[in-house]
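Chain by chain, the residues:
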Amino acid sequence: MMRFLTPLFIVAASPAFAASGPFISLKNTDFVVLIAFLIFVGILLYFKVPSKVGEMLDARSASIKADLDEARSLREEAQSLLASYERKQKEVQEQADRIVANAKEEAQNAAAAAKEEIKASVARRLAGAEEQIASAQAAAVKEVKDQAVLVAVSAAKDVMAKQMDAKAAAALIDDAITTVGEQLH
């Protein structure tokens, strides 16, 4: 294992050996880089850059936390709105189902009422037709009776005219006058 580490140390230490001359000299680039680095770190500390960077990181952290809290509250609000809309959708669906059921029931009731009305109308028309038939039958019977009476009167007149002479006619007229006189007094 030492075999592998030795070449690694040689490669890593070779830039340090590249500087020539004493270490504390402005001609030594390593020393100049070290001085520049220390000055740079000193300037950063003088202007309190680490604390400002910390404050900026804290502010960024607070901003991210606020954004996360806002996103969380927006998510909860969206979930509550979604639940509300789902409830409303269920209510509307139930209401639509009730409306459809009521419409079907009303249509069935209207169909049943129409059937009953048709039955009643047919019954009324049949009753009217039966009344007309009965009236026509009664009129025909009356007409036949009237005609029979006329024929009978005519036949009786002919028979009586053939059988009656002047003497019998005068006796009938006298009887009629007597009957009318008795009936009037």
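All residue numbers refer to position in the chain's written sequence, counted from 1. Restriction of local features to residues with pLDDT of at least 70 applies here, the model being predicted, together with a cutoff of 80 or more for giving and counting side-chain atom pairs; totals for whole chains, interfaces and linings are based on all residues. To obtain the side-chain values, all non-hydrogen atoms of the structure were used and water was disregarded.

Chemist: Teacher, can you tell me more about unusual backbone geometry here?
Modeler: Of note, Lys-48 is a non-glycine position whose phi angle comes to about 55°, a positive value. Exposure categories follow from relative accessible area, calculated using a 1.4 Å probe and restricted to protein chains: below 20% of the type maximum is buried, above 50% is exposed, and the middle band is partly exposed. The exposure class assigned to Lys-48 is exposed, which follows from its relative accessible area of 56%.

Chemist: Sorry, what's going on with the pattern of salt bridges here?
Modeler: Oppositely charged side chains may form a pair once their charged atoms are brought near each other. Salt bridge, as applied in this entry: a Lys or Arg side-chain nitrogen positioned within 4 Å of an Asp or Glu carboxyl oxygen. Counted by the stated rule, this structure contains two salt bridges. In this structure, Arg-72 engages Asp-69 in a salt bridge whose closest nitrogen and oxygen atoms are separated by 2.9 Å. Remark: Asp-69 and Arg-72 occur in helix α3 (residues 49-163); sequence separation between them is three residues, near one turn of the helix. A relative accessible area of 46% means that Arg-72 is categorised as partly exposed. Between Asp-146 and Lys-142 there is a salt bridge, with its nearest N and O atoms 3.8 Å apart. Highlighted residues: Asp-146 and Lys-142, both in helix α3, separated by four residues, approximately one helical turn. According to the relative accessible area criterion, Asp-146 is partly exposed, its value standing at 38%. According to the relative accessible area criterion, Lys-142 is exposed, its value standing at 54%. Put simply, DSSP marks the helices as runs of H or I at least four residues long and the strands as runs of E at least two long, and each gets a number from the N terminus on.

Chemist: Quick question: what am I supposed to make of a nonpolar patch on the surface here?
Modeler: The patches described consist of residues with a relative accessible area above 30% and no salt bridge, like charges being joined within 9 Å and nonpolar side chains (Val, Leu, Ile, Met, Phe, Trp, Tyr) within 5 Å. Residue burial considers only the protein chains on display, and all accessible areas are found by Shrake-Rupley using a 1.4 Å probe. A surface patch of nonpolar side chains, amounting to about 650 Å² of accessible area, comprises Phe-23, Ile-24, Leu-34, Phe-37, Leu-38 and Phe-40. Within the secondary structure layout, Phe-23 lies in the loop between α1 (2-18) and α2 (29-46). A residue is classified by how much of its surface remains accessible, and Phe-23, at 46% relative accessible area, is partly exposed.

Chemist: Before we go on, may I ask you to explain the confidence of the model for the protein in this structure?
Modeler: In low-pLDDT segments, the atomic positions of the prediction should not be examined closely. The pLDDT value tells you how sure the predictor is about a given residue, anywhere from 0 up to 100. Residues with a pLDDT of 70 or more make up 88% of the protein, whose mean pLDDT is 84. Taking the mean pLDDT of every element in the protein, the minimum, 52, falls on α1 and the maximum, 93, on α2.

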